[in-house]
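What follows is each chain in one-letter form.
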Amino acid sequence: MLGDLAKLPDWPERVRTMQANWIGKSVGVRFAFRVNGVTRSALGSPPSPSGRGSEVEDDEALLWVFTTRADTIMGVTFCAVAAEHPLATHAARSNVKLAAFIDECKHGSVMEADMATMEKKGMPTGLSVVHPLTGEPIPVWVGNYVLMSYGEGAVMAVPAHDERDFYFAKQYGLPIKQVITSAIEERRKKGDADVQGDGYAVFDFDPAQWKEWYGEKGKTTTSVSLYCINSGKYNDLEYSAAVDAIAADLNAKGLGEKKTMWRLRDWGISRQRYWGCPIPIIHCAHCGDVPVPDKDLPVVLPEDCVPDGSGNPLNKRADFVNCKCPKCGANAQRETDTMDTFVDSSWYYARFASGRSASAMVDRETDYWMPVDQYIGGIEHAILHLLYSRFWSKVMRDLKLVSYDEPFKRLLTQGMVLNHIFFRKPANGRIQYFNPADVEVKIDNTGIQIVAILKSDGQLVEDGGIGTMSKSKNNGIDPQQLIELHGADTARLFVMFAAPPEQTLEWSDAGVEGAARFLKRLWKLVHTHVGMGTAARVEVAVLNDAQRAMRRMLHETLAKVTDDYARRRTFNTAIASVMELINALYKFDDSHRVGSTRGGDDHSTQGRAVLQEALDNVVIMLAPIVPHISHALWQALGHDNAVIDARWPSVDAAALTRSSIELVVQVNGKLRGHIEVALDAKPADIEAQALADANVQRFTAGKQIKKVIVVPGKLVNVVVA
RNA sequence: GCCGGGAUGGCGGAACUGGUAGACGCGCUGGACUCAAAAUCCAGUAGUGGUGACACUGUGGGAGUUCGAUUCUCCCUCCCGGCACCA
């Protein structure tokens with residue numbers, strides 16, 4: 001899944017980065033400390049024969065850890081284990097205080113945000129382990145920051161080179177032993193004059209104070225080399241050489257090896273809830289785990305189950321749990337774990353693509369429709385749903401159910417829509433949220449402060465800032481309100497015009513009238529034109545300059561809109577350029593103007609033909625955004641078919657040609673003038689024309705011209721001394 | 001705390017590959033039409049100075065690279081989203 005992220009070039013970079021971080025590949029070393037005076041049997045683990053060359057006795061307990069920083073192994077001054085670790089449990093049997101501490105740890109929050117800021121706490125177990133390379137005794141602590149569910153549930157602690165270990169050691173007076181140094185620190189120690197300034201003192205190791213570079217590996221972020229010291233035979237080795245040498249030595253002792261760990265956990269199955277998809281397995285005392293026969297599928301959950309907060313409520317439902325073994329007919333029990341709802345959302349679309357199949361999960365028709373060409377979903381699904389869908393696709397591929405690797409070829413993650421949050425907090429009782437539509441924000445009677453008032457009772461509400469629209473915060477907006485007020489086309493146009501879809505957007509309906517106004521202008525333009533009778537076909541050869549220019553703008557707009565839809569997916573800019581075109585068409589044919597005093601109208605045969613072509617194209621260009629009005633206007637323009645069946649028009653390259661182009665002239669990078677040059681003008685001629693410009697001469701007069709940069713089709717920059 | 005994203009006029013946003021900053025829309029100002037209003041149409045609208053042509057300043061803050069930076073590099077501030085202390 002990590003490697004195949006490269007197969008998704010049309011996914012947003014940030015989603016791929018988030019997934020890679022979540023998968024969390026880390027390469028390191030897994031190794032063991034021998035535990036002094038504790039046997040494996042005492043921990044309840046079966047004795048295991050040690051590997052060849054191992055120094056370990058058969059029944060000797062081992063403390064396994066995983067580290068990405070094997071290069072700092074000589075700086076280990078203690079080990080920390082999770083509260084649930086067998087060594088902690090063992091030590092707690094004869095230590096009441098420790099048992100109480102472990103109990104406290106087990107009840108703490110496991111939310112990352114809480115944990116990152118909570119106090120690091122610990123307590124010694126009284127046990128010690130043997131350092132695998134030095135043979136020194138190392139004390140073992142229980143730490144509330146060590147997770148049983150990741151890695152081995154235990155860590156080697158190197159306070160000098162790990163920030164968490166550092167503060168833990170400070171708090172409990174544990175030793176801090178520096179084993180990594182920087183090239184700068186070494187040169188300062190040798191008295192190198194180049195690095196004696198205060199700015200270099202940040203590279204000195206000081207056990208009293210944590211500095212950024214202590215925890216960096218190989219090189220600092222400022223590219224200063226880091227290597228081992230106080231590490232015996234490993235001295236002077238840099239990161240990867242040190243890791244290799246140390247892993248080899250541990251391996252020779254039968255105490256460790258290089259290993260790759262993953263942060264990603266199997267959450268699809270292991271995160272249990274009553275309302276997930278049932279796992280169709282029956283547990284029989286005689287036959288073991290027996291699949292539910294096809295004829296008894298699906299297993300249906302009881303719908304009147306009320307979770308009481310103590311474990312899985314299904315376990316308390318004898319009517320669900322108790323059943324007969326399908327194999328032997330004896331009394332048996334159903335599996336009560338269920339799959340997470342992510343499992344369903346991970347493959348339902350593949351099932352939709354093989355809707356005729358009655359006998360299998362999916363059939364061959366899936367491969368015809370899948371993978372999805374364009375997936376649209378909120379950025380909040382960037383990791384979980386989109387990651388599990390990718391995982392499930394690979395499962396189905398391996399089972400030969402489907403032949404694709406990745407379910408979604410192209411991904412558009414729309415941004416969150418934010419809105420104001422208003423609430424009241426009763427003295428005792430639950431916080432109550434109010435919908436922004438029911439709240440009026442106004443200036444209070446001092447005329448300075450802005451206050452928020454609930455419309456229904458006129459009393460103040462508190463302002464909770466701005467946040468994602470959600471049910472719990474009651475700050476969502478129902479688009480139905482907009483639709484009822486302005487119609488679906490206006491609502492769609494307004495929303496699409498507001499911002500690019502992947503951008504976070506703070507909700508405001510200010511400006512929705514602009515969208516309605518635009519559609520009215522378009523409607524009027526089309527109907528005024530149609531009211532004057534059927535238009536002729538465009539005959540390019542007889543067009544006058546104004547008609548030619550109008551037509552050029554039409555085809556430039558068509559090219560831009562096509563690109564905005566197909567490649568850039570920026571619908572707001574596509575709409576903006578159609579708006580520009582409409583503005584120009586109003587000037588081209590200004591018979592709509594009240595009074596119509598200016599002579600801009602072109603009601604000639606070819607003028608009306610150009611207008612017809614432009615309006616046909618405008619209606620097609622807008623059809624994806626405003627389908628209803630486009631359908632009506634398309635037929636009003638004299639077409640028999642529906643606009644949805646009309647072909648996307650192609651750009652007339654000949655209409656785009658122009659004989660001259662306007663260039664910008666800069667002096668020292670500042671805009672000083674514009675020149676009109678022939679399309680095929682030579683650079684030397686362009687340069688001469690630029691230098692001849694009156695305003696340019698004001699800024700070059702009496703100065704030495706050092707060079708002139710001509711960027712074809714864009715600008716001229718004159719550099720003066 | 002970590003990861004991801006963002007900051008441009010009064011507001012939403014545009015500037016796509018380093019090349020005219022502010023397209024388009026809202027709002028606002030003025031005008032036309034009207035007995036009047038709404039609607040509609042026209043014009044103006046980053047700030048400062050100037051009748052004007054123009055000039056100076058300006059893309060969260062500070063440095064840097066470049067003929068030229070909203071765009072690239074480094075540092076900082078604030079805002080939004082996600083989070084499982086990942087050894």
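For the structure given in this document, a descriptive report is provided here. Predicted model only: the values in this text are computed from it and were never measured. (Residues numbered from 1 in each chain as written. Chains lettered and ligands numbered in written order. Predicted model: local features only at pLDDT ≥ 70, side-chain atom pairs only at ≥ 80, totals over all residues. Heavy atoms only, no water.)

Quick look at the nonpolar core now. A general trend in soluble globular proteins is that nonpolar side chains are found buried together. With 52 residues, the main nonpolar core has Phe31, Phe33, Leu63, Ile73, Val129, Val142 and Met156 as its most contacted residues. The biggest single contributor to this core is helix H7 (residues 239-252), with six residues. Look past the residues within four positions of methionine 156 in its chain and what remains in contact with it is Phe31, Phe33, Val65, Thr67, Arg69, Thr72, Ile73, Val76, Phe78, Cys79 and Asp165. Grouped together as the second largest cluster of nonpolar side chains are 46 residues, Leu558, Ile575, Val578 and Leu581 included. (Core = buried A, V, L, I, M, F, W, Y, C linked by side-chain atoms within 4.5 Å. Buried < 20%, exposed > 50% of the residue type's maximum accessible area, 1.4 Å probe, protein only. Helix = DSSP H or I, 4+ residues; strand = E, 2+ residues; numbered from the N terminus. Contact = heavy atoms within 4.5 Å.)

With that out of the way, let us pick up the pairing of strand E3 (residues 78-81). By the alternation rule, side chains of E3 split into Phe78 and Ala80 and Cys79 and Val81, which are all buried. In this sheet, strand E6 (residues 154-157) lies alongside E3 in antiparallel orientation, the contact comprising four bridges. Paired with phenylalanine 78 across the strands is alanine 157, a residue of E6. Pairing analysis gives three bridges linking E3 to strand E5 (residues 137-143), with the strands arranged parallel. Bridging from a neighbouring strand, cysteine 79 pairs with valine 140 of E5. (Pairing = 2+ DSSP bridges.)

Under the counting rule described, the total for this entry stands at one cavity of 30 Å³ or more. Put simply, the largest cavity is a space of about 30 Å³. Around the largest cavity sit Arg69, Asp71, Ile180, Glu216, Lys217, Gly218, Leu226, Tyr227 and Tyr239, which together line it. Its residues assigned to classes, the lining of the largest cavity comprises four nonpolar, one polar and four charged. (1 Å grid on protein atoms, 1.4 Å probe; cavity = no way out; pocket = protein on both sides within 12 Å on 5 of 7 lines; lining within 4 Å. Points joined across faces, edges and corners; volume = space filled by probe spheres on them. Nonpolar A, V, L, I, M, F, W, Y, C, P; charged D, E, K, R; others polar.)

Spatial ordering of the open sheet is given by E25-E24-E27-E26, a layout of four strands whose pairing is mixed. Because the sheet does not close on itself, it has two edges, and the strands there are strand E25 (670-678) and strand E26 (705-711). Strand-to-strand twist of the sheet, defined as the mean angle between neighbouring strand axes without regard to direction, takes the value 20°. Sheet topology places strand E24 (residues 660-667) next to E25; eight bridges connect them, and they run antiparallel. Across the sheet, residue serine 660 finds its bridge partner in E25, namely alanine 678. Packed onto the sheet, helix H21 (residues 683-692) meets E24, E25, E26 and strand E27 (715-720) and runs at close to 130° relative to E25. (Axes fitted to C-alpha atoms, helices over the stretch in contact; angles between N-to-C directions.)

In this section: helix H18 (residues 571-588). With 18 residues, H18 extends 26 Å from end C-alpha to end C-alpha; this agrees with the ideal 26 Å at 1.5 Å per step. Burial analysis of H18 places 13 of its 18 residues in the buried class, which makes it a mostly covered element. (Expected span 1.5 Å × (residues − 1).)

This part is about the side chain of histidine 529. Checked against the element boundaries, histidine 529 lands in helix H16 (residues 512-531). Here histidine 529 falls in the buried class, since its relative accessible area comes to 1%. If near-sequence neighbours (up to four positions away) are discounted, histidine 529 is found in contact with Ala535, Arg608, Leu611, Gln612, Leu615 and Leu637.

Looking now at the layout of surface pockets. In this model, the second largest pocket occupies a volume close to 560 Å³. At the level of secondary structure, the elements contributing two or more residues to the lining of the second largest pocket comprise strand E16 (375-378), strand E17 (411-414) and helix H15 (488-498). Considering each element in turn, the lining of the second largest pocket owes the most residues, three residues, to H15.

Right, let's talk about the pairing of E24 for a bit. Linking E24 back to E25 in an antiparallel pair, the connection comprises two residues, with asparagine 668 at a positive phi of about 50°. Looking at chain direction, E24 and E27 are connected through four bridges and run parallel. Bridge assignment links glutamine 666 to a residue of E27, and that residue is asparagine 717.

With that out of the way, let us pick up the packing of H15 against helix H20 (residues 627-636). Look at H15 against H20: their axes get within 7 Å of each other, and the N-to-C directions meet at 120°. Between H15 and H20, the contacting residues are Ala488, Asp489 and Arg492 on the first element and Pro627, His628 and Ile629 on the second. Across the contact of H15 with H20, the residue classes break down as three nonpolar, one polar and two charged.

Further remarks concern the environment of methionine 261. Locating methionine 261 in the fold gives a position in strand E9 (residues 256-262). Among the residues examined, methionine 261 registers a relative accessible area of 9% and is labelled buried. Expressed as a C-alpha distance, the spacing of methionine 261 and valine 29, which sit 232 residues apart in the sequence, is 9.3 Å. Among residues more than four places away in sequence, those in contact with methionine 261 are Gly24, Lys25, Ser26, Phe66, Tyr150 and Gly151.

We now examine the pattern of salt bridges. Scanning the entire structure with this criterion turns up 30 salt bridges. Between arginine 69 and aspartate 71 there is a salt bridge whose closest N-O contact spans 3.0 Å. Here the two residues arginine 69 and aspartate 71 agree in accessibility, since each one is buried. The closest approach of N and O atoms between glutamate 613 and arginine 551, which form a salt bridge, is 2.8 Å. With a gap of 62 residues between them, glutamate 613 in helix H19 (residues 605-622) and arginine 551 in helix H17 (residues 545-568) connect regions that are remote in the sequence. Considered together, glutamate 613 and arginine 551 belong to a single accessibility category, that of buried residues. Residues joined by salt bridges that share partners form a network here, namely Asp4, Lys7, Arg390, Lys394, Arg397, Asp398, Asp405 and Glu406. (Salt bridge = Lys/Arg side-chain N within 4 Å of Asp/Glu carboxyl O.)

Ordered by their spatial adjacency, four strands build an open sheet running E12-E11-E14-E13, and the pairing between neighbours is antiparallel. For this open sheet the edge positions go to strand E12 (288-291) and strand E13 (322-324), each flanked by a neighbour on one side alone. Each strand of the sheet is rotated relative to its neighbour by a mean of 40°, with strand direction disregarded. Across three bridges, strand E11 (residues 281-284) lies against strand E14 (residues 331-334) in antiparallel orientation. Its bridge partner being in E14, cysteine 284 is matched across the sheet by alanine 332.

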